[in-house]
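A structural walkthrough
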Amino acid sequence: MIHDEMSYSLPFMVACNCKDEVQLVIGTNSMGTCKNRIRSILRSGAHAVVISPTQESDVKQLVSTFGHYSRFRLVDRQWQLSDLTSLGRPIVAKVVDRVFVQLPLDECLMEKEIYEQCIKLRIPINVFQRPEWSTFHVGSTYVDPQSSGLQISVSTNGQGCILANRIKREIMASLPSNISQIVTNMGQLRDRIINEDQQKLIKDHYGSTKDLALAQNVWYGLNGEYESHNLNNLVKEFDMTERDQRLKRTRWLSQIIEYYPMSKLADVSLEDLGGPSEEQQEQKQQCGVEDKLNKSESTENDINGQESVVMGEKKSPPSCGKISLVGGGPGSVSMLTLGALQEIKTADIILADKLVPQSVLDLIPEGTETFIARKFPGNAERAQQELLEKGLHSLREGRKVVRLKQGDPYIFGRGGEEYVFFSERGYEPTVLPGLSSALASTVVARVPATQRDVADQILVCTGTGRKGALPQIPEYVTSRTTVFLMALHRADILVRELLAHSWDSEVPAAIVERASCDDQRITRTLLKYVPEVVEEIGSRPPGLLIVGHSVAALVQPPLRAFDDSNKYTIEEGFQGNDMGLAALLR
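Definitions and limits used
- Residues numbered from 1 in each chain as written.
- Predicted model: local features only at pLDDT ≥ 70, side-chain atom pairs only at ≥ 80, totals over all residues.
- Heavy atoms only, no water.
- Buried < 20%, exposed > 50% of the residue type's maximum accessible area, 1.4 Å probe, protein only.
- Helix = DSSP H or I, 4+ residues; strand = E, 2+ residues; numbered from the N terminus.
- Pairing = 2+ DSSP bridges.
- Core = buried A, V, L, I, M, F, W, Y, C linked by side-chain atoms within 4.5 Å.
- Domains from an automatic or database assignment.
- Contact = heavy atoms within 4.5 Å.
- Axes fitted to C-alpha atoms, helices over the stretch in contact; angles between N-to-C directions.
- Salt bridge = Lys/Arg side-chain N within 4 Å of Asp/Glu carboxyl O.

Take the pairing of strand β5 (residues 98-101) next. Here β5 shows two buried faces, one formed by Arg98 and Phe100 and the other by Val99 and Val101. Sheet topology note: the strand β2 (residues 22-26)/β5 ladder contains 4 bridges and is parallel. Residue pairing for β5: Val25 is matched across the bridge by Phe100. In the sheet, β5 pairs with strand β6 (residues 125-127) via 3 bridges, with the strands oriented parallel. Counterpart to Phe100 in the pairing with β6 is Asn126.

What follows is the structure, given as structure tokens:
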């Protein structure tokens, strides 16, 4: 589905705080729907005033069902226009806060009169089965019975509540069975982190903890720290400020919520947000410990006659541990190789990148130990060391280790470094290639990376070098398609440098996020607009940037039609059949 900026109009969906409001229900036609309306009103903390019951029997039903609620009131008489301005709260001059109309179908003229009066008084109104006389629509809403706070609402904006109910059921069926525990756990962690990590920071900032709640609101509400486009802002772990240190668990929790497999969120603890151990955090000490460990093991094995050195070449350790570096592709199960699937199915332990999608992780057999990399801002190097150590320990136990990577192991995936690490310790990895997102993204985005008279070469490069440095800026070549990986979190810096190195500011660009996943998003724009587009639409990692005239080769209208009032288009979703294929592969 393609969206042009500001070229469409949809109702603005919000979750309202209705505590202590007075909401008026006029008529009781369709008793089942009427009861649901009243339940929703009472559940929101508002007062439900029902007037003009359609039938006498309705009065008994409503009193029997809701009579024990102090916030329920039934007025057994015909409604009057003056009720709109006399039954409400004194604080708003007795004007009711919201109106639901459920009159019989033959009273349509009365419904229209109520609607027109509510418009004059700026009272939100919903008329049952009459979207043309409604200023808001009530979605089909799921409320978690375990009181986690989760609500999921679906609205077709008056085009059919039955369809909305069906869509809601489909959504609920796709959620993990422990969704209540997930929501509860994430909320509790957030509250604890705020209390434990941020009170001192706020005190330092404001001079005292007086009015702490207000200070926290100001802190979270104004600085934009955790807006989507800031989620992956570069944090140099080797040069973290005191503020970065104090806020790191909050940043990490944000990333866990965004990236981790949904079903595993219920089990995340504060310890998981603390990063690797102190020993692991000291890389220099770690290197020394690793060397000592190798020497110690070598000596012990020599004593037992289980390892020997022949002509200076080290033989494999006595255990039968094996390791494979496996490319998991860009995200879609359909783009996973059969070799990768075989490794996943036969592993004893899987060490996965944090961005490996849920659909691929769901292929892991139940009972196979799975560890997700904790590579959060300011922790990438330490988390990488943690993965290597966990893999080495498992190998020494004789286990089969699968290092599951997104894309291809050797395309900016540290595959070469990991190959050297394990090989030097006597465990030569088997490497299985994967479909790199650098090339898969061009296909799913309808970008022909090469095409006659458009692009005759491809360049794949990183947007973030070692220790956060910018890469060497390549020269601009008109006939080249350039793919920047790991670049969107610093799009402003990268684009500024590209333009400073004579890149064409008008060249088409595509931001491809979650390539081949269900929530894939493709945004097309011009290079000069990329930074502000990223800030406006937010971030949906993993994402990359494609720059070149090939971006526009298969797209109509031409992208050069973009201007300051129309900077981008968005295409949502991936047209694949991962669900059926994943079920088959399981």
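Ile350 and Leu404 are the most contacted members of the largest nonpolar core, which has 35 residues in total. Going through the elements one at a time, α5 (179-206), α7 (242-259), α10 (338-346), β12 (349-352), α11 (358-361) and β14 (400-405) are the ones with two or more residues in this core. The dominant element in this core, judged by the number of residues it contributes, is α5, at 5 residues. Here this core spans two domains, and each of domain 2 (179-274) and domain 3 (322-435) adds at least three residues to it. Sequence-distant contacts of Leu404, defined by excluding residues within four places in its chain, comprise Val326, Gly328, Ile344, Ile350, Leu351, Ala352, Asp353, Val356, Val360 and Leu361. Among the nonpolar cores identified, the runner-up in size contains 26 residues, and Val495, Leu526, Ile537 and Leu545 belong to it.

Another aspect to go through is the sheet that holds strand β3 (residues 47-51). Strands sit in the order β4-β3-β2-β5-β6 across an open sheet of 5 strands; the sheet is parallel. Single-partner strands in this sheet number two, and they are β4 (72-75) and β6. Ignoring strand direction, the axes of neighbouring strands in this sheet form an average angle of 15 degrees. Here β2 pairs with β3 via 5 bridges, running parallel.

Within this structure, the stated rule accounts for 22 salt bridges. With a closest N to O distance of 2.8 Å, Asp97 and Arg89 form a salt bridge. Judged by its relative accessible area of 15%, Asp97 falls in the buried class. By relative accessible area, which is 23% here, Arg89 ends up partly exposed. With a closest N to O distance of 3.2 Å, Arg514 and Asp519 form a salt bridge. Overall, the relative accessible area of 17% leaves Arg514 in the buried class. Among the ionic contacts, a cluster of salt bridges with common partners joins Asp353, Arg403, Lys405 and Glu418.

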